[in-house]
Amino acid sequence: LLLVGAISAEKAPLKFVDRSQPCKKKWNPDTAPANVVKSELEAVELPKEWFWNNVEGVNYLTNMRNQHVPQYCGSCWAHASTSALSDRIKIARKAAWPDVNISPQVLISCEMKDQGCHGGEPVYAYEFMYNNEVTDETCSLYQARGHDNGVECSPITMCRNCDPHEPCFIPDEYKVYGVEEFAHF
């Protein structure tokens, strides 16, 4: 595992993120993936107000993150999509503890239609999670570096565990998540 880190560090100088570049790329319907929808939603009357952080005293929202910690990274597209999926999981689990927080690191390292820390489009993240498995933050901690600036996709990027005074390793078993449908509105 240490050799892999040494190889990627020697490939080229790391590209740092230009803060003037937008985190979310401009939507292009010509290159967008086709919607994958199993059944259309029916029109319903919506309440005047609805707050997922207080539904009869229950908070159905997962934690908020800062995409720029530990350093600047234009990964709002990955944070938005993984946060929305994490919230949907919490709603489906009726706010059962512990929260499942899907890892944006897997997306910024492994999803290649977007530019990692140099921006992206959430619909491509959902397309990736439709076609591939992702893990949660117990497996893949956010590093604020992606395939574009130093943390390439690999099995250990998907999930790692570390013991004190020993090299990190890929667990034999871990939980994976995905989406069954997605669309851009």
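These numbers were taken from a predicted model, which means no experiment stands behind them.

Novice: I keep staring at the packing of aromatic side chains and nothing clicks. Help me out?
Specialist: Aromatic rings considered in pairs are described by the distance between their centres and by the relative angle of their planes. This model, assessed by the stated rule, comprises 3 aromatic pairs. With a centroid separation of 5.8 Å and an interplanar angle of 80°, the aromatic rings of Trp52 and Tyr60 are classed as edge-to-face. A residue is classified by how much of its surface remains accessible, and Trp52, at 33% relative accessible area, is partly exposed. According to the relative accessible area criterion, Tyr60 is buried, its value standing at 15%. Ring centres of Tyr130 and Phe182 lie 5.7 Å apart, and the angle between their planes is 65°; this geometry places the pair in the edge-to-face category. Note that Tyr130 is positioned in helix 4 (residues 122-131) and Phe182 in the segment after helix 5 (155-158), a separation of 52 residues in sequence. Given a relative accessible area of 6%, Phe182 falls into the buried group.

Novice: In this structure, what is going on with the nonpolar core? I would like to understand it.
Specialist: Here is a general trend for soluble globular proteins: nonpolar side chains tend to be buried in one another's company. In this structure, Ile102, Leu107, Ile108 and Val134 are the most contacted members of the largest nonpolar core, which totals 21 residues. Every element with two or more residues in this core is listed here: helix 2 (76-92), helix 3 (104-110) and helix 4. Excluding anything up to four places from it in sequence, Ile108 contacts Cys73, Ser75, Trp77, Ala78, Gly116, Cys117, Tyr142, Arg145, Gly146 and His147.

Novice: For this particular structure, what's the right way to read helix 2?
Specialist: Within an α-helix, residues lying three or four positions from one another point in the same direction, as the helix has 3.6 residues per turn. Helix length check: helix 2, at 17 residues, gives a terminal C-alpha distance of 24 Å against a target of 24 Å (1.5 Å per residue), a fit within 8%. Residues of helix 2 that are buried include every one of Trp77, Ala78, His79, Ser81, Thr82, Leu85, Ser86, Asp87, Ile89 and Lys90, and no others. On its buried face, helix 2 is in contact with helix 3 and helix 4.

Novice: Sorry if this is basic, but what is going on with helix 4 here?
Specialist: The buried count for helix 4 comes to 7 of 10 residues, which makes it a mostly enclosed element. The elements touched by buried residues of helix 4 are helix 2 and helix 3.

Novice: Just to check I follow, could you spell out the layout of surface pockets for this structure?
Specialist: Which parts of space are left empty comes out when a probe the size of a water molecule is rolled across the atoms. By volume, the largest pocket is sized at about 730 Å³. Looking at the largest pocket, it is lined by 22 residues, and the ones nearest its centre are Arg88, Glu181, Phe182, Ala183 and Phe185. Elements with a contribution of two residues or more to the lining of the largest pocket: helix 2 and helix 4. Top element by residues in the lining of the largest pocket is helix 2. It accounts for 5 residues. Taken together, the residues of the lining of the largest pocket sort by class into 14 nonpolar, 4 polar and 4 charged.

Novice: How should I be thinking about the state of the cysteines in this particular structure?
Specialist: Put plainly, two cysteines are in a disulfide when a covalent bond ties their sulfur atoms together. In this structure the tally under the stated criterion is 4 disulfides. Here Cys162 connects covalently by a disulfide to Cys168, the sulfurs 1.9 Å from one another. Taking the torsion about the S-S bond as the criterion, the Cys162 to Cys168 disulfide, at about 105°, is right-handed. The exposure class of Cys162 is partly exposed, given its relative accessible area of 35%. Looking at Cys168, the relative accessible area reads 22%, which means it is partly exposed.

Novice: What am I meant to see in the pattern of salt bridges here?
Specialist: A side chain of one charge can pair with a side chain of the opposite charge if their charged atoms are brought near each other. The tally for this structure, following the rule as stated, stands at 4 salt bridges. Taking the shortest distance from any N to any O, the salt bridge between Glu180 and Lys38 comes out at 3.4 Å. Here Glu180, found in the segment after helix 5, pairs with Lys38, found in the loop between helix 1 (2-11) and helix 2; they are 142 residues apart in sequence, far enough to count as distant. As far as the burial class goes, Glu180 and Lys38 line up, both exposed. Between Asp99 and Lys90 there is a salt bridge, with its nearest N and O atoms 3.2 Å apart.

Novice: How should the confidence of the model for the protein chain be read in this particular structure?
Specialist: For residues with low pLDDT, the predicted coordinates do not support detailed interpretation. For the protein chain, the mean per-residue pLDDT works out to 87, and 86% of the residues sit at or above 70. Mean pLDDT across the secondary structure elements of the protein chain bottoms out at helix 1, with 33, and peaks at helix 3, with 97. With pLDDT under 50 throughout, residues 1-16 is counted as low confidence; its partners more than four residues away or in other chains account for 13 contacts.

Definitions and limits used
- Residues numbered from 1 in each chain as written.
- Predicted model: local features only at pLDDT ≥ 70, side-chain atom pairs only at ≥ 80, totals over all residues.
- Heavy atoms only, no water.
- Phe/Tyr/Trp six-rings, centres within 6.5 Å; stacked < 30°, edge-to-face > 60°.
- Buried < 20%, exposed > 50% of the residue type's maximum accessible area, 1.4 Å probe, protein only.
- Helix = DSSP H or I, 4+ residues; strand = E, 2+ residues; numbered from the N terminus.
- Core = buried A, V, L, I, M, F, W, Y, C linked by side-chain atoms within 4.5 Å.
- Contact = heavy atoms within 4.5 Å.
- Expected span 1.5 Å × (residues − 1).
- 1 Å grid on protein atoms, 1.4 Å probe; cavity = no way out; pocket = protein on both sides within 12 Å on 5 of 7 lines; lining within 4 Å.
- Points joined across faces, edges and corners; volume = space filled by probe spheres on them.
- Nonpolar A, V, L, I, M, F, W, Y, C, P; charged D, E, K, R; others polar.
- Disulfide = S-S within 2.5 Å.
- Salt bridge = Lys/Arg side-chain N within 4 Å of Asp/Glu carboxyl O.
- pLDDT = per-residue confidence, 0-100.

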